[in-house]
Amino acid sequence: MHTTRSLAAITTAALAMAGLAGCGDGKEDDTAAAGAPIAVKADDRSCEVASTDLPAGTATFKVTNSGAKVTEFYVYADGDRVMGEVENIAPGLSRELRVELPAGTYQTACKPGMSGKGIRGPLKVSGSAAPLTADAALADAADSYQRYVKSQTGALLDKTGEFVAAVKAGDVAKAKALYPVARTYWERIEPVAEIFGDLDPKIDGREEVIEEGMEFTGFHRIEKDLWTTGDISKDGPLADRLMADIQEIVTKANAEKLSPLQLANGAKELLDEVATGKITGEEDRYSHTDLWDFSANLEGSKAAIAALRPALQERAPDLVAQLDAEFTNVETLLGKHRAGDGWKLHTALNPTELKELSDGINALAEPVSKVAAVVAK
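Please read all numbers here as calculations on a predicted model, not as lab measurements.

**Student:** Lay out the packing of aromatic side chains with the relevant residues and their values.
**Tutor:** Taken as a whole, this structure holds 7 aromatic pairs when the rule is applied. Centroid distance Tyr74 to Tyr76: 5.3 Å. Interplanar angle 0°. Geometry classified as stacked. Owing to a relative accessible area of 0%, Tyr74 belongs among the buried residues under this scheme. Overall, the relative accessible area of 3% leaves Tyr76 in the buried class. Measuring from ring centre to ring centre gives 5.4 Å for Tyr179 and Trp227, while their planes differ by 65°; the resulting arrangement is edge-to-face. Residue Tyr179 is located in helix H3 (residues 172–188), and its partner Trp227 is located in helix H6 (residues 218–229); the two are separated by 48 residues in the primary sequence. Judged by its relative accessible area of 26%, Trp227 is partly exposed. Taken together, the aromatic side chains of Phe163, Tyr179, Phe219 and Trp227 make up a single cluster linked through ring pairs. In this structure, Lys111 packs its charged tip against the face of Tyr74, placed 4.3 Å from the ring centre.

**Student:** I'd like a rundown of the state of the cysteines, residues and numbers included.
**Tutor:** Under the definition given, this model contains 1 disulfide. In this model, Cys47 is linked to Cys110 through a disulfide, with the two sulfur atoms separated by 2.0 Å. Judged by the torsion about the S-S bond (55°), the Cys47/Cys110 disulfide is right-handed. In this pair, Cys47 is assigned in strand S2 (residues 47–49) and Cys110 in strand S8 (residues 104–110), connecting sequence segments 63 residues apart. Accessibility assignment for this pair places Cys47 and Cys110 in one class, buried.

Each value, and the rule that gives it
Residues numbered from 1 in each chain as written. Predicted model: local features only at pLDDT ≥ 70, side-chain atom pairs only at ≥ 80, totals over all residues. Heavy atoms only, no water. Phe/Tyr/Trp six-rings, centres within 6.5 Å; stacked < 30°, edge-to-face > 60°. Buried < 20%, exposed > 50% of the residue type's maximum accessible area, 1.4 Å probe, protein only. Helix = DSSP H or I, 4+ residues; strand = E, 2+ residues; numbered from the N terminus. Lys NZ or Arg CZ within 6 Å of the ring centre and 35° of its normal. Disulfide = S-S within 2.5 Å.

See below:
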């Protein structure tokens, strides 16, 4: 997520989960042999990318964090359009990012503390390569997921419109009821929404965005008023702005042509979101409706994997079986906390129940972290 997070809220279990993919001892060869990962040495003050002139096609970056802060690594195109990202790289751990890059100029960025614009450097990609969608199964996966995105963005527009109307009417009870419902559709497609620069923090940023010089707006700004003071009499302009930002991101998301690797990476990113924001209760800190977001992130991750399923079944059937089993396990664990048509509040769960959910997400994250490598073959 492109929003600033409270690092104190990230549990040890969440950090362990975040390091599952590509963890290592931090000792890397600075040069990338043909087909080998490109080493990225990240710490709290630097971001050293071993090779910054790459051939077109699929690139793999292995990011090792030797700093004291949790970090992230991004590849940006013009306008801070996100081509690929890997988040929640805990100190002492390594994670890999696979990203499909056509010829062009890009920027790499490490973000110690997971905030700000990051420590940036140039990246040049030259030549040409057949896209991953030249494979029929992967092309079908991208098309299938695009249809899913369109279905979710349509519902996002509708439910956000209802939420905004309730806020502007001063109907606190109705706005509270609609808040987690509207966010469900946002959370399912968040990896796509995050592609487009600062639209994500405008819509979904928490109060810490102020520390980055941004205005605190969007869902969480209104959430704070609803649950802390109950006074939304001055929130009409905030609601209108939220609606305008949602409309903009829906238009962009529906026009975006996604790489199969973006599906694979997005499935993992959604599980990272659960580990670092939903299980900890950091995301919806005023309403405590985090389990709604947890469920939506899980559903979005599963939808991305489902789109890729025919290709995965052909290339790695054992992995598909493992994915099916672990998704079922987490769904069963989460299902214990149903409350009517929705979910219990985060504050209603005890530490044992939260750890059970965390362990389930950890177990699911391990096979999901392998999907990008299978897609990139």
